Structure formats: structure tokens, C-alpha cells
Amino acid sequence: MKIRTLIVDDMLLARQRIRRYLGDDAEIEIVGECAGGREAVAAVKEFAPDLLFLDVQMPEMDGFQVLEELSTEGQVPAVIFVTAYDHFALRAFDVHALDYLLKPFDRERLSLAVERAKSQLGGQTKTSLNERLQALLQDIRAPQNYLKRLAVKNSGRIVFLTTDEIDWIETAGNYLKLHTGKSSHMIRERMSQLEAKLDPLKFVRIHRTTIVNVDRIKEMHPLFNGDQIITLRDGKQLTMSRTYRENLRSLLEGP
């Protein structure tokens, strides 16, 4: 039996790309395309797809609003989210083991997402998928209280730093080194843990070992291998790995 698939994205080129990449998969049957959220809700009710490619950022009715409306009627299919960039949303997708495609994506990444969706459809009940989607919606809609200050031990005393004072952060063995102007402070915490506590509109991961305060960035220069040099306002230069450059580009340009 083929997997009935609906594509929802407000950009025609994005829909065409998904359709083209899916063209070689004999198990996929595309039952329709939608350019907006309200149209998508009606199409899900009409076609009852097994799989939904769902754009997160759409005018009037975004992807999460589509899911909220569908969930009230118990008609939520398996979902692969498509997003230009939403830092908190990406973390939430990871937490709830729900797949997403970060624009621009290639054929290989889409194929991987489809294979994961097939595994979900084959090995999990619809109730299980709905529960995970409901948990995602609760996380997305919950107000976020990001870290405002840190208490740092320094030579027998405790120094209180606001996160706005931090220029950039690097790993240092089992510690993190917080750079604040001409000073630096060490805290014992994992990079991923601190990243999750920081406001994603202010701090962005540019390397496996580095987080930077976006307000401190002065300029960027490309390197031959796809990496980039980030120059801060104080002249400090940091390397941005090509793996993370989409994070910063999307944050600066917006959805």
C-alpha cells in the first residue's frame, strides 16, 4: 500500500522541490499540494493523507496552527516539518523525535526524513504519533524563560553576570569559558546544556566549540572550504563551521 502524501508550503518552488525529490520513491503517492494553512486543513480532511510535509512559517495560519486545528478532530497524519529557521522549534522537534527539513535541503536529506517517516508509520500506532505531536505543540506554545544571569565562582567569591555581558563562549575541557570584554570566567557545564538555556534570538552556535552573542558580530568573511571567519566588534576573530553557518544566516535574515 502506498503512503498517501500531502505537501504544504506557501512557496511554489519549495513544493516543486519536494515533489521532484519524491518522484523516484515508488512507495509515495502525492495526493495534493497546498499553499496555505487553511487550505491544508481542508485537504487533510478530504484526502486523509498518511504523511504531511508541513511548512512551519506561513502567513495567516502557520504550521503549528494547522496541527492544533487538526488535532481537535483527531486527523493528524505523520508529519515532516519544513522550516527556514526557528531555533526553539528545532530543539523541540529533536526532543520529541519528530523530523524536520531545514531549508534549503537536498535530496539526500529529504530521503532520510522519508525513511524515518516510513519507520514511524510502520512501527508506531497513530495514538503514539498524536501524543508526540501534542507534546510538541505544548512546548512550542509555552512561554520561554531564557537565562538572564549566571552566578560564576571566581577565586573564592561569586560573580554575577548578565547574559547580555557575554561576547562569546568556548569549550575548555570539562568547562565553558565565558568571554566578557577583557575578562573571562569559567563554569562547569556542557555546551549543549547552556545553549538550551540561552535566548536563540541573541546567541547562536557557530561551531561545535563556540557560541557567539549575535549583537557582537561586526563582519563575516568566507574561507575557501565553506567555513567563515566571524569578526567581533572588539576585533576578535572566530571560525564559523559550514555545518552551522545556516543557523546564523537564517537568524540574521529572519524567516
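These numbers come from a predicted model, not from an experiment.

**Q** Even after reading the chapter, I still don't get the sheet that holds strand S14 (residues 228–232), so can you show me in this structure?
**A** Strand pairing in a sheet relies on backbone hydrogen bonds. The paired strands run either parallel or antiparallel. One open sheet accounts for three strands, arranged S13-S14-S15; its pairing is antiparallel. The sheet is open, and its two borders are formed by strand S13 (217–222) and strand S15 (237–240), each paired with just one other strand. Taken over all neighbouring pairs, the strand axes of this sheet differ in orientation by 25° on average, direction set aside. Of the pairings in the sheet, the one linking S14 to S15 comprises four bridges and is antiparallel in character. From the neighbouring strand, Gln-228 faces S15, where its bridge partner is Met-240.

**Q** How should I be thinking about the sheet that holds strand S2 (residues 28–34) in this particular structure?
**A** Pairing is parallel in the open sheet, where five strands are placed in the order S2-S1-S3-S4-S5. Only two strands of the sheet have a single partner each, and these edge strands are S2 and strand S5 (100–102). Within the sheet, the average angular offset between the axes of one strand and its neighbour, ignoring direction, is 20°. Bridging between strand S1 (residues 3–8) and S2 involves six bridges; their strand directions are parallel. Within S2, the residue paired with Val-8 across the bridge is Cys-34. Across the sheet, helix H3 (residues 63–71) lies against strand S3 (51–55) and strand S4 (78–83), angled at about 140° from S3, the strand it touches most.

Rules and cut-offs
- Residues numbered from 1 in each chain as written.
- Predicted model: local features only at pLDDT ≥ 70, side-chain atom pairs only at ≥ 80, totals over all residues.
- Heavy atoms only, no water.
- Pairing = 2+ DSSP bridges.
- Helix = DSSP H or I, 4+ residues; strand = E, 2+ residues; numbered from the N terminus.
- Axes fitted to C-alpha atoms, helices over the stretch in contact; angles between N-to-C directions.
- Contact = heavy atoms within 4.5 Å.

Honestly, that's just the spatial picture; any functional story needs more than this.
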